[in-house]
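Residue-level structure breakdown
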Amino acid sequence: MVAAQRDYYEVLGVSSKANSKEIKSAFRKLVMQYHPDRNKEPTAQEKFKEIAEAYAVLSDPKKRADYDSRGYAGVADFSSEDLFGGIDFEEIFRGSGLHFGVGSDLFSNFFGHLHPHSRSSRGRDIEISIAIPLEKVNSGGDETVSYSRPVSCPICHGDGAKPGTKPRQCEACKGSGQQINSRQAHRELGQVLVQHIVTCPNCHGRGWVVDHPCEACKGAGKQDKDEVLTVTIPEGAEEGLVLRIPAHGFPGEKPNDEPGDLLIVVHTQPDSRFARHGADLWRTEVLTVPDAALGTELDLATLDGQVSVTIPPGAQSGEILRLRGKGLVQPNGLGHGDLNLRLTVHIPERLTTEERELYKKLQTIAPTKHKHV
């Protein structure tokens, strides 16, 4: 059951005497850090599973008592349903921007389907990408998102039948949407019955057949609809941040199915001025040979306005000057990143007559020393 046999209290970073409030607070903090919608590190999903399993045990008094008295052996026989069935993740994370419906794709993918009897099947998620400028990354704010998705037909309410008529139950699958093909097979232990479950080819998994199709949707039960949403970009949004909008994905196959979610992946627009690395910004500044040798003052544009930067005498190509706090807002709200200036010295390829004479004079004053090997 457990991906890594690490002490549950250690996983959540609490003591063995922690109360339920402390356990819940630690769980919330860790999930905000490792939730797959926010953290794209390769190890984040495994870490998330470990955190969820630890909370599922320690948040339940009986499971916690079994674990305290017998260790992992006390909880080894619990199924995913046993562990997570009684936890209301929506309540725990309400207002956080994360989607935690019990039985959602997230927990189904990690731990198997939970509470199939308490929730209808679910439509697929839709994933779209948006690109926002660095200024919007820095300040946060509202962003308008446009996309298209199929929705239940408003005329037939999703069953595909013409108003005044009803679809009939599929005789081939008796309304289940599936067919079971059985055959006898011989194994080492004797003859066994092998069953293969497939989508019903007669109704295509819907469980019913439409004799009189709805004219609006041609019996499909769905129509394409253009959606325009306003979403809030948090300050310092990380590259690849996923915003989950519940119930704005594909509809389910049946009229009462819950729709999937809309996943909005936030990217940073390319910027000719800066390159982004986390909360830090990078910029290349090209210096002339005299400015590199003698030093100079640069007026530099940042996301917060103009600043004056002193280039010290003797600046070398490849040298980096760091302007602390002039980068992007940190996603956790704790300060800003830095603006890093990578200096490069431009050696002129063509010289005027006057420039050539000056360089020759400089060459005689400070002759180049060659090393002989």
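A brief structural summary.

Conventions used here
- Residues numbered from 1 in each chain as written.
- Predicted model: local features only at pLDDT ≥ 70, side-chain atom pairs only at ≥ 80, totals over all residues.
- Heavy atoms only, no water.
- Phe/Tyr/Trp six-rings, centres within 6.5 Å; stacked < 30°, edge-to-face > 60°.
- Helix = DSSP H or I, 4+ residues; strand = E, 2+ residues; numbered from the N terminus.
- Buried < 20%, exposed > 50% of the residue type's maximum accessible area, 1.4 Å probe, protein only.
- Pairing = 2+ DSSP bridges.

A short note on the packing of aromatic side chains
Inspection of every chain in the model, using the stated rule, returns three aromatic pairs. Pairing Tyr-8 with Tyr-67 gives two aromatic rings, centres 4.7 Å apart and planes at 45°, and the pair type is tilted. Here Tyr-67 lies in helix α4 (residues 61–70) and Tyr-8 lies in helix α1 (residues 8–12), a separation of 59 residues in the sequence. The same class applies to Tyr-8 and to Tyr-67, which are both buried. Between the aromatic rings of Phe-27 and Tyr-55, the centroid separation amounts to 4.1 Å while the plane-to-plane angle is 10°, which identifies the pairing as stacked. Here Tyr-55 lies in helix α3 (residues 44–58) and Phe-27 lies in helix α2 (residues 20–34), a separation of 28 residues in the sequence.

Concerning the pairing of strand β9 (residues 262–268)
Extensive coverage of β9 is indicated by the burial of six of its seven residues. Sheet topology note: the strand β1 (residues 126–132)/β9 ladder contains seven bridges and is parallel. Paired with Ile-126 across the bridge in β9 is Leu-262. Examined bridge by bridge, strand β8 (residues 241–245) and β9 share five bridges and lie antiparallel to one another. Bridge pairing in β9 places Leu-243 opposite Ile-264.

Purely spatial values, then, with no claim about function.
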